[in-house]
Amino acid sequence: QVQLVESGGGLVQPGGSLRLSCAASGSTSSITLMGWYRQAPGKQRELVATITRGDSTNYANSVKGRFTISRDNAKNTVYLQMNSLKPEDTAVYYCNAVSMTIVPGATRPYWGQGTQVTVSS
């Protein structure tokens, strides 16, 4: 089992910055991939960014050049630095971890509780 706790959301003006953190606990050695997703009202949850244990990253086109994902393996924490925020970035942001299971080749996703990010003047 893996537990994820997010922090760092809030209200920010357009053009501002926020940093989200996600601390993992439990069976953290089984985690292969961590990332951030977001869900705006009335929309489906979408991928924002992911990072592997080896620090390979992937970003949604809508956030490339503005958001940076990073991880501290020693602290079992993943971060999302969000710069040049836009009103359309407003959403609940969810931390995600993909963990290996005892079944060879099988993985299981875990989710945090979500943190609200609101970009508004």
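In this text, all values refer to a predicted model and were calculated from it rather than measured experimentally.

Colleague: Could you clarify how one ought to interpret the sheet that holds strand β8 (residues 77-82) in this entry?
Modeller: Within a sheet, adjacent strands bond to each other through the backbone by hydrogen bonds, running parallel or antiparallel. If you trace the four strands from one edge of the open sheet to the other, you get β1-β3-β8-β7, paired in antiparallel fashion. Each of the sheet's edge strands pairs with one partner strand only, and the pair in question is β1 (2-7) and β7 (67-72). The average undirected angle you get between the axes of adjacent strands in this sheet is 15°. In terms of strand pairing, strand β3 (residues 18-26) meets β8 through six bridges, oriented antiparallel. Within β8, the position partnered with Cys 22 by the bridge is Val 78.

Colleague: Got a minute to help me understand the nonpolar core in this structure?
Modeller: The tendency in soluble globular proteins is for nonpolar side chains to be buried as a group. One finds Leu 4, Met 34, Trp 36, Leu 80, Met 82 and Tyr 93 to be the most contacted residues of the largest nonpolar core, which totals 30 residues. Broken down by secondary-structure element, the contributors of at least two residues to this core are β1, β3, β4 (31-39), β5 (46-52), β7, β8, β9 (91-100) and β11 (115-119). Those residues in contact with Tyr 93 that sit more than four places away from it in its chain are Glu 6, Leu 20, Trp 36, Tyr 37, Arg 38, Val 48, Phe 67, Leu 80, Met 82, Gly 114, Thr 115 and Val 117.

Colleague: How do you make sense of the state of the cysteines when you look at a structure like this?
Modeller: Here a disulfide denotes a covalent bond joining the sulfur atom of one cysteine to the sulfur atom of another. Going through the model one piece at a time under the given rule, you end up with one disulfide. There is a disulfide in this structure between Cys 22 and Cys 95, and the S-S distance comes to 2.0 Å. Its torsion about the S-S bond being -85°, the disulfide of Cys 22 and Cys 95 is classed as left-handed. With a gap of 73 residues between them, Cys 22 in strand β3 and Cys 95 in strand β9 connect regions that are remote in the sequence. Taken as a pair, Cys 22 and Cys 95 share a single burial class, namely buried.

Thresholds applied
Residues numbered from 1 in each chain as written. Predicted model: local features only at pLDDT ≥ 70, side-chain atom pairs only at ≥ 80, totals over all residues. Heavy atoms only, no water. Pairing = 2+ DSSP bridges. Helix = DSSP H or I, 4+ residues; strand = E, 2+ residues; numbered from the N terminus. Axes fitted to C-alpha atoms, helices over the stretch in contact; angles between N-to-C directions. Core = buried A, V, L, I, M, F, W, Y, C linked by side-chain atoms within 4.5 Å. Buried < 20%, exposed > 50% of the residue type's maximum accessible area, 1.4 Å probe, protein only. Contact = heavy atoms within 4.5 Å. Disulfide = S-S within 2.5 Å.

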